[in-house]
2 protein chains.
Amino acid sequence: MATIKDVARRAGVSTATVSAVMNDTAFVSPELRARVVTAIRELRYEPSLAARNLRRSRSQLIALAVADLSNPFYARIVWSAEAAVAAWGYSLVLFNSDEKPDTERRILSRIRTLGCDGMVLVPVGAANQYQPHEFDGIATVLLGRSIEGNGADTVTIDNRSAGRQAVDYLLDLGHRRIGSVTGPMQLSTSKGRLDGMIDAMAARGLAPQPGHVRSGEFREEAAYSVARDMMGSPDRPTAIYVANGVMAIGVMRAIADLGLRCPQDVSIVSTDTVAGAGGLKPRLTRTEHPIADMTNEALRLLVDRIEERGSEPVRSIVFQPALIVGESCTPLRRDFG
Amino acid sequence: MATIKDVARRAGVSTATVSAVMNDTAFVSPELRARVVTAIRELRYEPSLAARNLRRSRSQLIALAVADLSNPFYARIVWSAEAAVAAWGYSLVLFNSDEKPDTERRILSRIRTLGCDGMVLVPVGAANQYQPHEFDGIATVLLGRSIEGNGADTVTIDNRSAGRQAVDYLLDLGHRRIGSVTGPMQLSTSKGRLDGMIDAMAARGLAPQPGHVRSGEFREEAAYSVARDMMGSPDRPTAIYVANGVMAIGVMRAIADLGLRCPQDVSIVSTDTVAGAGGLKPRLTRTEHPIADMTNEALRLLVDRIEERGSEPVRSIVFQPALIVGESCTPLRRDFG
DNA sequence: CCCTGATAGCTAATCGTTTCGCTGAAGTCT
DNA sequence: AGACTTCAGCGAAACGATTAGCTATCAGGG
């Protein structure tokens, strides 16, 4: 690879001038500029980011660490994030913590070593696993999940509202025995969605039966076994609120394997759904997150932090989910009620 | 951030010794080593990759440029690749060319500037768009699609076999009027799959009718409109081979919107399917690619190239697809034949 | 005609590592 | 005892860019 010295020698100028031309950082006479540009082209010169970054102490890298790359929800975040990062002139370094706090710890250290200018983190594990100043020294935006008391900007969705909307819909259809398959309780997302469900039922003087709320990992298999267990019993719920899209697939499979039909025998509402499932039957009724908007906003905040050295107050942005009606619910038939 | 000099000063040794301890690159007496290790811990020293890479001319970065991040197929590649890259001690820089040759060109230049040690590329566009030595100077593995005459290692699947297996299955069920919804013809993948279909039919003295082979972008919407058009005509095929998972979703939606049922009215076989769709009805009959194996193999080849400076001959590895039978096909009813 | 001010472009220091080559103390052999 | 090895650890030169500060040129005013 040609270096800036080769270009300088060929153009008969100093390296400083080449640098000035590259970065448009000082006036260079048209004649010299032309010679430099020619030399750059002839030598196919591309500046070394390693050297530039060493000098500028910038890396042009933004890290994204998601909780589970196998989940289409995060795959969509990655998709949006790549586009946004590129649009801001950075490149995206991708990490998958796989819901494991230990892996996440290694990733954070790696991000530091790489000298990433900033990171978007979907945190794994409970809030108390983080030091109070865990993210000092590197611009950070937390996405989707929040950590109390950590001075990082946060972009989340209103999970409580998602749970409330979903269960309100089921209640409006006449369902009363409503169950839920939800994620791990130490995650703010799972907790929020369940709280929303409880809110909605409480508003009508109801509460979920203890055995009708089951939690497990945010994975299809976990949801399958939990749902199969819950729906096998005689006083099974007539409707289920499922806390995430991948789990909804597992729940539907469990129901089918038990010989039950959706929506005739069981109504299902989920929060989030997997991409592509829209083409198959029955279409899920679900609350949807504005993933692209959330991700873009997270990156806007991050780039803002990176480029403004000023320490503005911590910002926290909450997006609202929307209920999308599909075909996975029916009104409760009163003759059974 | 503490630098190596700070550590050296604090431990009362030279920077060379600190470096030796960090990299285990020379013998250091236990006593000095202990002092250095303590100093590192106390100062929370993390070496600057920018400086290290400048010196070593390595970046520890592997780039992955995929053709379409919105496609779950590539999302799964990203998932596998992140894990493999991390396992080899590198970090993953992710790019999405969005099937646009211009974007791909910018990405390649960016990868050079970043000084990535290697890249895995899902190339976009026809072979003639690349210079003969386009990839010189950076270790490259082409994944999924190949480019003739470019000296890069390649990992692909046998697309022709995929098409052949899929259509053979339909022929075995008695179907004769078989259509296909396939991708852009300039891509080796689309062409290979269609060739396989033609092979299979030719082996029984058949050939697809001209109007029954339609191509479009590898996207759900394109497949939807193409399928809707094809299936609207009276001599519509009794079975369709769809060249990719996302398109299969579009085709199924088109069929449903036309009031047809799958599999009763139309049988569908696809190559690849979207993750999660396995939980919904009807389960697709499809050929599957060993994505994780392919990706791991691509990274093994790449790391091999990066770390062995030797210029071994170009390697090309072809994986075999497997037919997975779902519920989206039925035997042709003879009374209509 | 000299002095001043403006400024295009150069020289050299710098960023934080790695690594070559050197020093000097200790050990080994005759 | 003297000469020769060995080798732990050090000093300083890279790596390839940016950039502060300097030099030299030129125009214009007195």
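If you check an unreviewed UniProt entry, chain A appears there as Transcriptional regulator, LacI family from Mesorhizobium qingshengii.

Help me out: how do you make sense of the interface of chain B and chain A in this one?
Contacts between the two partners involve 42 residues from chain B, matched on the other side by 42 residues from chain A. Interface of chain B and chain A: buried area, both sides summed, is about 3,700 Å²; carbon and sulfur atoms make up 64% of it. Taken together, the links from chain B to chain A amount to zero salt bridges. Across the chain B-chain A interface, the total number found is ten residue pairs in polar contact (both at pLDDT 80 or more). Sorting elements by how many residues they give to the side of chain B that touches chain A places strand β2 (residues 91-96) of chain B first, with six residues. The residue makeup of the side of chain B that touches chain A, split by class, is 22 nonpolar, twelve polar and eight charged. Both strand β2 (residues 91-96) of chain A and β2 of chain B contribute to a ladder of three bridges, which runs antiparallel. For Leu-94 of chain A, the partnering residue across the bridge sits in β2 of chain B and is Leu-92 of chain B.

What should I look at first to understand the packing of helix α4 (residues 49-56) of chain A against helix α4 (residues 49-56) of chain B in this one?
How two helices sit against one another is set out by the angle between their axes and by the gap between those axes. Between α4 of chain A and α4 of chain B, whose axes approach to 8 Å, the crossing angle comes to 140°. Between α4 of chain A and α4 of chain B, the crossing angle belongs to the class labelled oblique. The two elements α4 of chain A and α4 of chain B cross, and the hand of that crossing is left-handed. Seen from α4 of chain A, the contacting residues are Ala-50, Ala-51, Asn-53 and Leu-54 of chain A; seen from α4 of chain B, they are Ala-50, Ala-51, Asn-53 and Leu-54 of chain B. Here the contact of α4 of chain A with α4 of chain B is built from residues that sort into six nonpolar, two polar and no charged.

Explain the domain arrangement of chain A here, please?
A common way to state how big an interface is: give the accessible area lost once the parts meet. Residues and elements named next belong to chain A. For chain A, the assigned domains read domain 1 (4-47), domain 2 (61-157 + 291-320) and domain 3 (159-289 + 323-336). Computed from C-alpha atoms alone, the centre-to-centre distance between domain 2 and domain 3 is 29 Å. Across the contact, 17 residues belong to domain 2 and 16 residues belong to domain 3. Of the roughly 1,300 Å² buried between domain 2 and domain 3 on both sides combined, carbon and sulfur atoms contribute 48%. In terms of surface lost to domain 3, no three residues of domain 2 exceed Arg-76, Arg-145 and Ile-157, which account for 36% of the buried area on that side. Across the contact surface, domain 2 and domain 3 share three salt bridges. With its nearest N and O atoms 3.5 Å apart, the salt bridge here joins Asp-98 to Arg-219. Linking domain 2 to domain 3 there are six residue pairs in polar contact (both at pLDDT 80 or more). Of all the elements in the fold, those that place two or more residues in the side of domain 2 that touches domain 3 are α5 (72-87) and α11 (291-307). A total of three residues in the side of domain 2 that touches domain 3 trace back to one element, the largest contributor, which is α5. Each residue belonging to the side of domain 2 that touches domain 3 can be placed in one class, and the counts come to six nonpolar, six polar and five charged.

Quick question: what am I supposed to make of the sheet that holds strand β6 (residues 178-182) of chain A here?
Whenever strands of a sheet pair, they do so through backbone hydrogen bonds, lying parallel or antiparallel. Residue and element names in this part refer to chain A. Spatial strand order, β7-β6-β8-β9-β10-β12: six strands in an open sheet with mixed pairing. Taken across any chain shown, the strands that pair with only one partner, and hence form the sheet edges, are β7 (213-215) and β12 (322-324). When strand polarity is set aside, the average angle formed by the axes of neighbouring strands in this sheet is 15°. Most of the contacts of helix α7 (residues 159-172) go to strand β8 (residues 239-242), to which it runs at about 165°, and overall it touches β6, β8, β9 (267-271), β10 (285-288) and β12.

I'm lost on the relation of the copies chain B and chain A in this one. Help?
One copy of the chain maps onto the other through a rotation about an axis plus a displacement along that axis. For the pair chain B and chain A, the superposition axis carries a translation of 0.1 Å, the fit reaches an RMSD of 0.1 Å, and the rotation angle comes to 180°. Taken together, the rotation and translation describe the operation of a two-fold axis. When each C-alpha of chain B is compared by its distance to the rotation axis, Val-93 of chain B comes out closest, at 2.1 Å.

Help me understand the pairing of strand β4 (residues 139-143) of chain A, please; the structure alone is not making it clear to me.
Regular strands place their side chains on alternate faces of the sheet. Residues and elements named next belong to chain A. Of all five residues that make up β4, five are buried, and the element is covered over most of its length. With burial as the criterion, each face of β4 is covered, one bearing Ala-139, Val-141 and Leu-143 and the other bearing Thr-140 and Leu-142. Of the pairings in the sheet, the one linking strand β3 (residues 118-121) to β4 comprises four bridges and is parallel in character. When the sheet's bridge partners are listed, Val-120 is paired in β4 with Val-141.

Just to check I follow, could you spell out the UniProt feature "domain: HTH lacI-type" (unreviewed entry) in chain A for this structure?
The UniProt entry lists residues 2-56 of chain A under the feature "domain: HTH lacI-type" (unreviewed entry), expressed in the numbering used here. Along residues 2-56 of chain A the backbone is 71% helical and 0% strand, and the end-to-end C-alpha distance reaches 20 Å.

Looking at this structure, how should I read the protein's contact with DNA strand C?
Surveying the vicinity of DNA strand C reveals 25 residues, the closest of which are Thr-17 and Arg-55 of chain A together with Ile-4, Ser-19 and Arg-55 of chain B. Restricting attention to atoms of DNA strand C within 4 Å of the protein, one finds that 68% of them are sugar or phosphate atoms. Between DNA strand C and Ser-19 of chain B there is a distance of 2.7 Å, counted from a phosphate oxygen to a side-chain nitrogen or oxygen. Measuring from a base oxygen of DNA strand C, one finds a side-chain N or O atom of Arg-55 of chain B at 2.6 Å. Elements represented by at least two residues in the surface near DNA strand C include exactly α2 (15-23) and α4 of chain A together with α2 (15-23) and α4 of chain B.

Sorry, what's going on with the pattern of salt bridges here?
Residues and elements named next belong to chain A. Here the structure, examined in full by the defined rule, presents 54 salt bridges over all chains. The salt bridge involving Glu-31 is made with Arg-35; its shortest N-O contact spans 3.7 Å. Residue Glu-31 and its partner Arg-35 are both found in helix α3 (residues 30-43); the two are separated by four residues, about one turn of the helix. On the basis of relative accessibility, which here comes to 54%, the residue Glu-31 falls in the exposed class. Owing to a relative accessible area of 35%, Arg-35 belongs among the partly exposed residues under this scheme. Taken together, the shared-partner salt bridges in this structure form one network comprising Asp-68, Asp-98, Lys-100, Glu-217 and Arg-219.

Would you mind showing me how to read helix α1 (residues 4-11) of chain B here?
Residues and elements named next belong to chain B. Among the residues making up α1, those that are buried are Val-7, Ala-8 and Ala-11. Summarising the axial view, the buried residues of α1 lie within an arc of 100°, below the 170-degree limit, and thus occupy one face. Opposite the buried face of α1, at more than 90 degrees from it, the exposed residues are Lys-5 and Arg-9. The inward-facing, buried residues of α1 abut α2 and α3 (30-43). Positioned one or two residues after α1, Gly-12 has a phi angle of 70°, which is positive.

I keep staring at the side chain of Ser-328 of chain B and nothing clicks. Help me out?
Residues and elements named next belong to chain B. Along the chain, Ser-328 falls in the segment after β12 (322-324). A polar side-chain atom of Ser-328 sits 2.9 Å from the main-chain amide nitrogen of Thr-285. Ignoring any residue separated from it by four or fewer positions in sequence, one finds Ser-328 in contact with Cys-262, Pro-263, Val-266, Ser-267, Ile-268, Arg-283, Leu-284 and Thr-285.

Sorry if this is basic, but what is going on with the protein's contact with DNA strand D here?
In the vicinity of DNA strand D lie 25 residues, with Ile-4, Ser-19 and Arg-55 of chain A together with Thr-17 and Arg-55 of chain B positioned nearest. Put simply, 70% of the atoms of DNA strand D that lie within 4 Å of the protein are in sugar or phosphate. At a separation of 3.0 Å, a phosphate oxygen of DNA strand D approaches a polar side-chain atom of Asn-23 of chain A. Listed by contribution, the elements that provide at least two residues to the surface near DNA strand D are α2 and α4 of chain A together with α2 and α4 of chain B. For the surface near DNA strand D, the leading source of residues is α4 of chain A, giving five residues. Classifying every residue of the surface near DNA strand D by side-chain character gives twelve nonpolar, nine polar and four charged.

About the cut-offs
Residues numbered from 1 in each chain as written. Chains lettered and ligands numbered in written order. Predicted model: local features only at pLDDT ≥ 70, side-chain atom pairs only at ≥ 80, totals over all residues. Heavy atoms only, no water. Contact = heavy atoms within 4.5 Å. Buried area = accessible area lost by both parts, 1.4 Å probe. Salt bridge = Lys/Arg side-chain N within 4 Å of Asp/Glu carboxyl O. Polar contact = N/O pair within 3.5 Å; in protein donor to acceptor, adjacent residues only side chain to side chain. Helix = DSSP H or I, 4+ residues; strand = E, 2+ residues; numbered from the N terminus. Nonpolar A, V, L, I, M, F, W, Y, C, P; charged D, E, K, R; others polar. Pairing = 2+ DSSP bridges. Axes fitted to C-alpha atoms, helices over the stretch in contact; angles between N-to-C directions. Parallel < 35°, antiparallel > 145°, perpendicular 65-115°, else oblique. Left-handed = near helix turned anticlockwise from the far one by under 90°. Domains from an automatic or database assignment. Least-squares fit on C-alpha atoms with pLDDT ≥ 70 in both. Buried < 20%, exposed > 50% of the residue type's maximum accessible area, 1.4 Å probe, protein only. UniProt positions renumbered as here; feature names shortened; annotations may be inferred. Near = heavy atom within 4 Å. Arc of directions from axis to C-beta.

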